[in-house]
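# Architecture at a glance
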Amino acid sequence: MAVLKKEVMLDLAENTVSQALKKGASEAEAYVYEGQATNIGIELGQISKANRIIDRGLGIRVVAEKAMGFAYTNVINDPTAVEDVISRALSAARASKPDPDWKGLPGNETYASPEKTFDERVAELESGELVKVAATMLEAAGQVDKRVFPIEGGIGSAYISNAVANSSGISGFDKGTVIECSIATVAKEGISVTPVCFEFNASRSYEVDPVWVGKEAAKLALSALETKSVETKSTTLILTQFALQDLLAYTLINAVRADSVQRNQSAFKGKIGEKVASDKLTVCDDGLFAGGLRTWAFDGEGVPHQKTAVIEKGILRSFLYDSYSAKKEGKQSTGNAGRAGYLSTPSIDTTNFHILPGDKTANEMLSETDDGLMVYYLQGAHSSNPVSGEFSVVATPAWKIKKGEITHCSRGVMLAGNIFEVLKNISLVGSNERQMGQLISPWIQVENVRVIGK
Amino acid sequence: MKDLLTKINRIATQKFGAQYAEARAQKMVKTMLTLKEERVEAAKQGIESGVALRVLVNGTWGFASVGSLDQTILEGAVSDACKMAKMASSHLKKPIKLSDTKVVTDRVRSKPKKNPADISMEDKIKTAMTVNKTGLGYDKRIKSFTIDYLDLMGTSYFANSDGSSIEQDKLYVWARIAGSALNEGIFTFSREELGSTAGYEVFDEVSPEDLGEKVAKRAIEQLGAKSLKGGTFPVVLGPNVVGVFVHEAFGHLAEADLALSGGVLADNLGKKIGSDLVTFYDDGTIVGSFGAFKYDDEGVQTQKTLLIKDGVVAGLMHNRETAQKFNAQPTGNARAEDFRVEPIIRMRCTYMEPRDHSFEELVENVKQGFYFKSFRGGQANLDGTFQVGIQEGYEIVNGEIGAPVRDASISGNTLETLNKVNGVGKDFLLDPGRCGKGQTAFICDGGPHISIKEIMVGGSA
């Protein structure tokens, strides 16, 4: 696979910065991105497609008279196009309004080397090998039961690299790999169709278990075929990582972003040092977590990733900052400037949002639930109120727990509550940690959540 | 461009024996703004161009995307796509085939009254700033106001091995406005979207002042709203919620790829599943609407597609692959977000046909229930479970609209719920939106006010 070399990307970033300064910018930052992905896709129970996507680009931020302009292009091998994009960024800045709070781009930094984020085997994977893995996963899913139908999924490997340079001395390059295999299944019997049941493995190195993924997805769908209703009441929930990832992304994570706090959009404003959750809950944002799906040497502004304690035994410790929000408070950035490749300006985001594991195994959590629901997937989490933390969602599906045992599946169960109450009502934290997108978390047991049954 | 794309398609068919090949080149310019309160976070411009190549080899799809229009790079990419498809076909059970479609040669120009390219960045900032200033000035309790603005202009060049060749302009103007309020520890949040394929004249139809005020007013009203007690209730839904209901509860299930994936509609074609009052369309022909275009990304002309008529399932939304499987005609629903991704079945403008009730008649039949006026998010599932979040709702007590309720959602099963529609209004409204299905599509949905005999309502009280 032909990829852009470190020197080529850094040169492009640094040259772009110096050209922008020559053209009149008072400050400049260039972000160069390359992504190469190969995917083998499964549709309607068979391997049906093979995709290869190469995406490269350059995003430039310039400051002129304290006003910010940004421009990007995906044509980076043509000096005229690069010059054009610098001019566009500058004219955007000149059309914009000065920001009195602007205190400059972040300065010179040194980086730690992140662990287990690049695997030569993933970068060099041939599509033939990916086809084999996809076939293995499909076969594993198909062998579980005839009533299970794998509807979509696949396996994809990607190489990603980025370089960032700015006029305050930042200059960084990092590269990484990701591999992910996933499968979504439904089970069908007569006119009964289950909700979509999904499993996956994602890793920075070539460590995926397609047999496990296929079997688990199929088993989940199968167990959702027969359903009974549940009653409307407040009850105990075991939230798996799927449910937590969805729910937290649209609620808690907004509340710990420093810009939300500064703009009076966070219920956590003024609560640093106060108890905001059960003392069983400890959360840190860890941009250097070994092998983390969001582990990189630096963030979207070239600020080093770090580990930031957010909630410690229920006490709120810190918010997540990019350099703009940090400088506003005279603080240091926590390395949380996220970036959607070269297409956007940085904005605050989590790295690996890590809920620290407790000591209860999955079985112990189940057996310590006298009456409750096990919630895997949520429907509608993005409709939560991002400011108040209120949610009203559907569990698709949920499994009823009675006296420590799963008794039956139930579909269309609604859950409603407020994330800040949920955090206070956490009663158990599992030891079964797992990575899912930005979240690294075990299962969590929470009490007294409103459930609306049919 | 046509010659280049045709040459690349020929490599696929002649050198690699592809049964079908298509090339879609795009050149796009984007202007984006984010204003937070009275601060312009950044004024942004983007330029992108690239080509999506899709081939069918041995009944398996191969796809390659590159950010380049260079012939040598495209030749390499199409070879890659063909080789990978061949490799992937080794486990194929049912080869993919495509339905026949008309061969088209056309050039489609957009004709905006106000071309976004002719409006200066300064003017766009001024408009956005007016929205935020109006919102912030509406009430002291409004604490934050954000507007994201986007205009996207460009040209898509399409050529396939059947001989079609289409050059089509793209034009989208979009804005999202969000405001939050805080009073005595109560937080509220309100949002609106604006979208058009006509031009910048969309801001003449709704003034920036009205937009700011609408968002702010809702955030303030919600401060006094109470959480509701969940359960099963009769409801009246406003056009904004009906649109999302149609989109989530029925639209996704009527996407033929999802119907084939086990969705509940595949076995119900031609069957009556809903009340006589239920008629839905997915329509790509409404000029200027956010889901409108002339040709889809397989070169098929868009149309007004009847999905359900008087409660009877009438049709599905197809691409060329699913149309072949159902022995139907492609409906022009194959859309790709950009050249980085392949076309998949997406909705356009999905709506319910109005009937003859007045709003008052719908409300007066409800003894104890809710009026849900405006949505925030929604999601569908293949088993027919839908969810729609509500950002603005009111109690209905004895046929009268009462106190506001906050942060609720509605859910149910499509097949059960469509039978419970017992009143359909004579009014009609469409709202622009965005739909996520791995890729983002700009869409539109709406309808009249309707009443539903009973539906599950989620609330935490």
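Worth saying up front: this structure is predicted, and the values here are computed from it rather than measured. (Residues numbered from 1 in each chain as written. Chains lettered and ligands numbered in written order. Predicted model: local features only at pLDDT ≥ 70, side-chain atom pairs only at ≥ 80, totals over all residues.)

Scanning chain A for helices and strands turns up 11 helices and 24 strands. By the compact-globule yardstick of 22 Å for 454 residues, chain A fits well, its C-alpha radius of gyration being 24 Å. Seen through its C-alpha atoms, chain A measures out along the principal axes to roughly 70 × 55 × 35 Å. Burial statistics for chain A: of 454 residues in total, 62% are counted as buried. (Helix = DSSP H or I, 4+ residues; strand = E, 2+ residues; numbered from the N terminus. Rg over C-alpha atoms; globule rule 2.2 N^0.38 Å. Buried ≥ 20, exposed ≤ 12 C-beta atoms within 10 Å, placed from the backbone.)

Residues and elements named next belong to chain B. Helix length check: helix α1 (residues 2-15) (14 residues) gives 19 Å between terminal C-alpha atoms against 20 Å at 1.5 Å per residue, within 8%. For α1, every residue scored as buried is listed here: Leu-5, Ile-8, Asn-9 and Ala-12. Down the axis of α1, the buried set is contained in an arc of 95°. They therefore lie on one face. In α1, the exposed positions that point more than 90 degrees away from the buried face belong to Asp-3, Gln-14 and Lys-15. Contacts from the buried residues of α1 go to β1 (20-36), β2 (39-57), α2 (71-88) and β5 (142-160). Directly after α1, the chain includes Gly-17, whose backbone phi takes a positive value near 70°. (Expected span 1.5 Å × (residues − 1). Arc of directions from axis to C-beta. Contact = placed C-beta atoms within 7 Å.)

Further remarks concern the domain arrangement of chain B. Residues and elements named next belong to chain B. In terms of domain boundaries, chain B breaks down into domain 1 (2-223) and domain 2 (226-460). Taken together, the contact between domain 1 and domain 2 spans 33 residues of the former and 29 residues of the latter. Elements that contribute at least two residues to the side of domain 1 that touches domain 2 include exactly β1, β2, β3 (60-66), β5, β6 (165-183), β7 (186-196) and α5 (208-223). Here the residues of the side of domain 1 that touches domain 2 sort into 13 nonpolar, 13 polar and seven charged. (Domains from an automatic or database assignment. Nonpolar A, V, L, I, M, F, W, Y, C, P; charged D, E, K, R; others polar.)

With that settled, consider the sheet that holds strand β9 (residues 283-286) of chain A. Working definition: the strands of a sheet are paired by backbone hydrogen bonds and lie parallel or antiparallel to each other. All names here are of chain A. Spatial strand order, β11-β10-β9-β14-β23-β22: six strands in an open sheet with mixed pairing. Two strands in the sheet have a free side with no partner beyond their single neighbour: β11 (315-316) and β22 (434-436). Pairing geometry for strand β14 (residues 353-355) and strand β23 (residues 439-441), over two bridges, is parallel. Counterpart to His-354 in the pairing with β23 is Ile-440. Against the sheet, helix α6 (residues 241-249) engages β22 and β23, with an angle of about 135° to β23. (Pairing = 2+ DSSP bridges. Axes fitted to C-alpha atoms, helices over the stretch in contact; angles between N-to-C directions.)

In this assembly, 71 residues from chain A lie in contact with 72 residues from chain B. A total of 11 residues in the side of chain A that touches chain B trace back to one element, the largest contributor, which is strand β2 (residues 46-64) of chain A. Of the residues in the side of chain A that touches chain B, the class split is 32 nonpolar, 25 polar and 14 charged. Here strand β3 (residues 67-73) of chain A runs beside β2(B); their pairing, made up of five bridges, is parallel. If you follow Gly69(A) over to β2(B), its bridge partner there is Ala43(B).

Looking now at the confidence of the model for chain B. When pLDDT is averaged along chain B, the result is 96; 100% of the residues meet or exceed 70. With a pTM of 0.96, the predicted complex shows an ipTM of 0.95. (pLDDT = per-residue confidence, 0-100.)

Following Thr396(A), the chain continues into Pro397(A) via a peptide bond in cis, with omega recorded as -10°. Structurally, Pro397(A) is set in the loop between β17 (390-395) and β18 (398-402). The phi dihedral of Asn58(B) is positive, around 50°, even though this residue is not glycine. Residue position: Asn58(B) is located in the loop between β2 and β3. Even without being a glycine, Asn398(B) presents a positive backbone phi close to 50°. Structurally, the position occupied by Asn398(B) is in the loop between β17 (385-397) and β18 (400-406). Using a count of 9 C-beta atoms within 10 Å as the deciding quantity, one classes Asn398(B) as exposed.

All names here are of chain A. For helix α1 (residues 6-22), spanning 17 residues, the distance from its first C-alpha to its last is 24 Å, which sits close to the expected 24 Å at 1.5 Å a residue. Among all positions in α1, only Met-9, Leu-12, Ala-13, Thr-16, Val-17 and Ala-20 are buried. The arc that holds the buried residues of α1, viewed along the axis, is 125°, so those residues lie on one side. Seen from the open side of α1, the exposed residues pointing more than 90 degrees away from its buried face are Glu-7 and Lys-22. Summarising the contacts, the buried residues of α1 are in contact with β1 (27-43), β2, α2 (79-95), β4 (148-166) and β5 (171-189). Of the residues one or two after α1, Gly-24 is the one with positive phi, at around 120°.

Attention shifts here to the domain arrangement of chain A. Residue and element names in this part refer to chain A. For chain A, the assigned domains read domain 1 (6-223) and domain 2 (233-452). Facing the 34 residues of domain 1 at the interface are 29 residues of domain 2. Elements with a minimum of two residues in the side of domain 1 that touches domain 2: β1, β2, β3, β4, β5, β7 (197-203) and α5 (210-223). Taken together, the residues of the side of domain 1 that touches domain 2 break down into 15 nonpolar, 11 polar and eight charged.

Turning next to the packing of helix α4 (residues 127-144) of chain A against α5(A). All names here are of chain A. The contact between α4 and α5 brings their axes to 7 Å, and the two run at 30°. By the criterion of interaxial angle, the relationship of α4 to α5 is roughly parallel. Seen from above, α4 lies across α5 with right-handed handedness. Residue-level inspection shows Val-133, Thr-136, Met-137, Leu-138, Ala-140, Ala-141 and Val-144 of α4 in contact with α5, the latter providing Pro-210, Val-211, Val-213, Gly-214, Lys-215, Ala-217, Ala-218, Lys-219 and Leu-222. Looking at the contact of α4 with α5, its residues break down into 12 nonpolar, two polar and two charged. (Parallel < 35°, antiparallel > 145°, perpendicular 65-115°, else oblique. Left-handed = near helix turned anticlockwise from the far one by under 90°.)

Attention shifts here to the sheet that holds strand β11 (residues 304-309) of chain B. Residues and elements named next belong to chain B. Strand order in the open sheet made by the six strands is β12-β11-β10-β15-β22-β21, with mixed pairing throughout. Among the strands making up the open sheet, the edge pair consists of β12 (312-313) and β21 (429-437). The sheet contact formed by strand β15 (residues 349-352) and strand β22 (residues 439-447) spans three bridges and is parallel. Bridge pairing links Cys-349 to Cys-444 in β22. The strands touched by helix α6 (residues 239-251) are β10 (280-283), β11, β15, β21 and β22; relative to β22, the strand with the most contacts, the crossing angle is about 125°.

All names here are of chain A. Burial analysis of β4 places 18 of its 19 residues in the buried class, which makes it a mostly covered element. Judged from the 15 bridges that link them, β1 and β4 form a sheet pairing that is antiparallel. Directly across from Tyr-31, in β4, lies its bridge partner Val-164. Judged from the 17 bridges that link them, β4 and β5 form a sheet pairing that is antiparallel. Counted as the bridge partner of Ile-155 is Cys-181 from β5. Here β4 hands over to β5 after four residues, with Gly-169 in that stretch at a positive phi of 105°.

Quick look at the environment of Pro346(A) now. All names here are of chain A. The topology assignment puts Pro-346 in the loop between β12 (337-338) and β13 (347-348). Between the C-alpha atoms of Pro-346 and Asn-336, which are 10 residues apart in sequence, the distance is 9.1 Å. Contact partners of Pro-346, with chain neighbours within four places excluded, come to Gly-300, Glu-301, Asp-322, Ala-337, Gly-338 and Arg-339.

Right, let's get into the environment of Gln301(B). Residue and element names in this part refer to chain B. With respect to the helices and strands, the residue Gln-301 is situated in the loop between β10 and β11. Owing to 18 C-beta atoms within 10 Å, Gln-301 belongs among the partly exposed residues under this scheme. Expressed as a C-alpha distance, the spacing of Gln-301 and Asn-333, which sit 32 residues apart in the sequence, is 9.0 Å. Ignoring anything within four residues of it in the chain, the contact list for Gln-301 reads Val-104, Lys-294, Tyr-295 and Gly-332.

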